[in-house]
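Spelled out, the chains give:
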Amino acid sequence: MKEQTGQKRQEIKMLNRKLLEISGVKNVESFDSQEFLLDTEYGFLTVTGEDLHIKNLNLEQGLVAIEGRVNTTAYLDATSSKSRGILSKLFK
């Protein structure tokens, strides 16, 4: 999702740790009930928790809604060892 000025824009909204709505999502790289890996306008975003599932997915608009117990959200830095581990699994 981009603003009219051409700048990137991303919003992350969480309601009671049970619903996470994210805009600016380009792709869902991988997911299971404990972790989601999203490719966003600002890099890879990982969401971890319990009993996670997709409530809503609209990649044309760049929107994803995830339900379940959300424990963490974090952007993966390309220089971190964790991101290299996850990314290397994706691109084998």
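Looking at an unreviewed UniProt entry, the protein carries the name Sporulation protein YabP, with the source organism given as Chengkuizengella axinellae.

### Some words on the overall build of the protein
Of regular secondary structure, the protein possesses one helix and six strands. Seen in sequence order, the protein has helices and strands lined up from the N terminus as β-β-β-β-β-β-α. Put simply, the protein has 92 residues, and 34% of those count as buried. For the protein, long-range pairs separated by at least 24 residues make up 43% of all intrachain contacts whose partners lie at least 6 apart in sequence. Summed over all atoms, the accessible surface of the protein reaches about 6,000 Å², with 48% contributed by carbon and sulfur.

### Observations regarding the pairing of strand 6 (residues 63-75)
Looking at chain direction, strand 2 (residues 19-22) and strand 6 are connected through four bridges and run antiparallel. Along strand 6, the bridge assignment pairs Leu 19 with Glu 67. One ladder, built from 11 bridges, connects strand 5 (residues 43-58) with strand 6; its direction is antiparallel. What sits directly across from Gly 49, in strand 6, is Val 70. Hairpin connection, strand 5 to strand 6: the antiparallel pair is bridged by four residues, and Gly 62 has positive phi, about 75°.

### A short note on the side chain of Gln 10
Positionally, Gln 10 belongs in the segment before strand 1 (12-15). A polar contact is formed between the side chain of Gln 10 and the backbone oxygen of Ser 23, at a distance of 3.1 Å. In contact with Gln 10, other than residues within four places in its own chain, are Ile 22, Ser 23, Gly 24, Thr 40, Tyr 42 and Tyr 75.

### Concerning the sheet that holds strand 4 (residues 35-40)
What the six strands build is an open sheet, ordered 1-2-6-5-4-3; its pairing is antiparallel. The open sheet is flanked by strand 1 and strand 3 (25-31), the only strands paired with a single partner. Within this sheet the neighbouring strands show an average axis-to-axis angle of 45°, counted without direction.

### Observations concerning the nonpolar core
As a rule of thumb, nonpolar side chains are buried together in soluble globular proteins. Residues Leu 20, Ile 22, Val 25, Val 28, Phe 36, Leu 38, Leu 45, Val 47, Leu 52, Val 64, Ile 66 and Val 70 constitute the largest nonpolar core, which totals 12 residues. Of all the elements in the fold, those that place two or more residues in this core are strand 2, strand 3, strand 4, strand 5 and strand 6. Not counting chain neighbours up to four residues away, the residues in contact with Ile 66 comprise Lys 18, Leu 19, Leu 20, Phe 36, Leu 38, Val 47, Leu 52, His 53 and Lys 55.

### A few points about the pairing of strand 1
Pairing geometry for strand 1 and strand 2, over four bridges, is antiparallel. Looking across to strand 2, one finds that Met 14 is bridged to Leu 20. Here strand 1 folds back onto strand 2 in antiparallel fashion, the turn holding three residues, of which Asn 16 has a positive phi close to 55°.

Thresholds applied
Residues numbered from 1 in each chain as written. Predicted model: local features only at pLDDT ≥ 70, side-chain atom pairs only at ≥ 80, totals over all residues. Heavy atoms only, no water. Helix = DSSP H or I, 4+ residues; strand = E, 2+ residues; numbered from the N terminus. Buried < 20%, exposed > 50% of the residue type's maximum accessible area, 1.4 Å probe, protein only. Contact = heavy atoms within 4.5 Å. Areas by Shrake-Rupley, 256 points an atom, 1.4 Å probe, with all protein chains shown as cover. Pairing = 2+ DSSP bridges. Polar contact = N/O pair within 3.5 Å; in protein donor to acceptor, adjacent residues only side chain to side chain. Axes fitted to C-alpha atoms, helices over the stretch in contact; angles between N-to-C directions. Core = buried A, V, L, I, M, F, W, Y, C linked by side-chain atoms within 4.5 Å.

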